[in-house]
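The lines below spell out each chain.
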Amino acid sequence: MKKLTVKKDSKCMACLACVQACSEAFYKVMDPGKSCIRIVEKDGNVKPAVCVQCGKCAKACEAGAITQNAKGVYTINKKLCTGCGKCAEVCPFQVLVKAEDSPVSSKCIACGICAKACPMDVLEVVEK
């Protein structure tokens, strides 16, 4: 299974380079609300919240637009997506995006663009 992970004991400085890389890749703008990665504070520390490929979005998708590929990554078929946003509502990490100005949702596909952008080397794409 391919997935984006946060490296253990890594230190995020909340620079938003990963957020910017993701939102620009999907939407061609720097907008944290359009990024499939979030920077969150937990127990006084900041860290990225990433898609763990749990599949809750696929179960919530009434159109059957979200499926798991051979590498274990859940992807959205933009032709089937109705833009209802139910997938974003059920995402436990709020990293699945349904932008108001987009007809379809978007989610992490473990592409690694955010990991490459991170100056602190906090993120990585792994095969499990």
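Data block above holds the structure.
Numbers given to residues run from 1 along each chain, matching the order in which its sequence is written. For this predicted model, a pLDDT threshold of at least 70 governs which residues receive local features, and a threshold of 80 or more governs which side-chain atom pairs are given and counted, while totals over whole chains, interfaces and linings are taken from all residues. Excluded from the side-chain calculations are hydrogens and water; all other atoms, namely the structure's heavy atoms, are used.

Novice: What's the story with unusual backbone geometry in this structure? I'm lost.
Specialist: Glycine aside, residues mostly have negative phi angles, and peptide bonds mostly take the trans form. One non-glycine residue, alanine 14, lies in positive phi territory at about 55°. Secondary structure counts use DSSP, requiring at least four H or I residues in a row for a helix and at least two E residues in a row for a strand, with both numbered from the N terminus. Mapping alanine 14 onto the fold places it in the loop between β1 (2–6) and α1 (17–27). We note that alanine 110 has phi near 55°; this positive angle belongs to a residue other than glycine. By the element assignment, alanine 110 lies in the loop between α3 (86–90) and α4 (113–117).

Novice: Hey, could you run me through the nonpolar core in this one?
Specialist: One recurring pattern in soluble globular proteins: nonpolar side chains tend to sit buried together. Definition of nonpolar core: a set of buried residues of the types Ala, Val, Leu, Ile, Met, Phe, Trp, Tyr and Cys, connected through side-chain atoms within 4.5 Å. To sort residues, take the accessible area from a 1.4 Å probe on protein chains only and compare it with the maximum for the residue type: under 20% means buried, over 50% means exposed, and anything in between is partly exposed. In this structure, Leu4, Cys18, Ile37, Ile66, Leu96, Cys114 and Leu123 are the most contacted members of the largest nonpolar core, which totals 29 residues. Elements with a contribution of two residues or more to this core: α1, β5 (74–76), α3 and α4. Among the elements that line this core, the one with the most residues is α1, at 4 residues. A contact between two residues is defined here by any heavy atoms of the two lying within 4.5 Å. If near-sequence neighbours (up to four positions away) are discounted, leucine 4 is found in contact with Ile37, Val50, Cys51, Cys108, Ala110, Cys114, Leu123, Glu124 and Val125.

Novice: What is the right way to look at the packing of aromatic side chains in this model?
Specialist: Both the distance between ring centres and the angle between the ring planes are used here to describe each pair of aromatic rings. The criterion for an aromatic pair is that two Phe, Tyr or Trp rings (for Trp, the six-membered ring) have centres within 6.5 Å, with stacked assigned to planes under 30 degrees apart, edge-to-face to planes over 60 apart and tilted to the rest. Scanning the model with the defined rule gives 1 aromatic pair in all. Summarising the aromatic geometry, the rings of phenylalanine 26 and tyrosine 27 are spaced 6.5 Å apart at their centres and angled 45° between planes, so their arrangement reads as tilted.

Novice: I keep staring at the pattern of salt bridges and nothing clicks. Help me out?
Specialist: By salt bridge we mean one thing: a side-chain nitrogen of Lys or Arg within 4 Å of a carboxyl oxygen of Asp or Glu. The final tally for this structure, using the stated rule, is 4 salt bridges. Residues lysine 7 and aspartate 121 are paired through a salt bridge, measuring 2.7 Å at the closest nitrogen-oxygen approach. Linking lysine 7 in the loop between β1 and α1 with aspartate 121 in the loop between α4 and β6 (123–127), this pair joins segments that are 114 residues apart in sequence. Notably, a salt bridge pairs glutamate 127 with lysine 71, separated by 3.7 Å at the nearest N-O pair. Taken together, the residues span a long stretch of sequence, with glutamate 127 in strand β6 and lysine 71 in the loop between β4 (66–68) and β5 at a distance of 56 residues. With relative accessibility at 54%, the residue glutamate 127 sits in the exposed group.

Novice: Would you mind showing me how to read the side chain of lysine 3 here?
Specialist: Note that lysine 3 resides in strand β1. In summary, the charge assignment counts Lys and Arg as positive and Asp and Glu as negative, without counting His or the chain termini. It turns out lysine 3 is buried and unbridged, and the closest side chain with the opposite charge, glutamate 124, is 11 Å from it. Each residue touching lysine 3, except ones within four places of it in the same chain, is listed here: Val52, Gln53, Ala110, Glu124, Val125, Val126 and Lys128.

Novice: Quick question: what am I supposed to make of the side chain of glutamine 53 here?
Specialist: By the element assignment, glutamine 53 lies in the loop between β3 (45–49) and α2 (56–60). At 2.9 Å, the side chain of glutamine 53 and the backbone nitrogen of tyrosine 74 are in polar contact. A polar contact of 3.5 Å, which involves the side chain of glutamine 53, links it to the backbone oxygen of cysteine 108. Ignoring any residue separated from it by four or fewer positions in sequence, one finds glutamine 53 in contact with Met1, Lys2, Lys3, Gly72, Val73, Tyr74, Lys107 and Cys108. Here a polar contact means two N or O atoms within 3.5 Å. Within protein one must be a hydrogen donor candidate and the other an acceptor candidate, and residues neighboring in sequence count only if both atoms are side-chain atoms.

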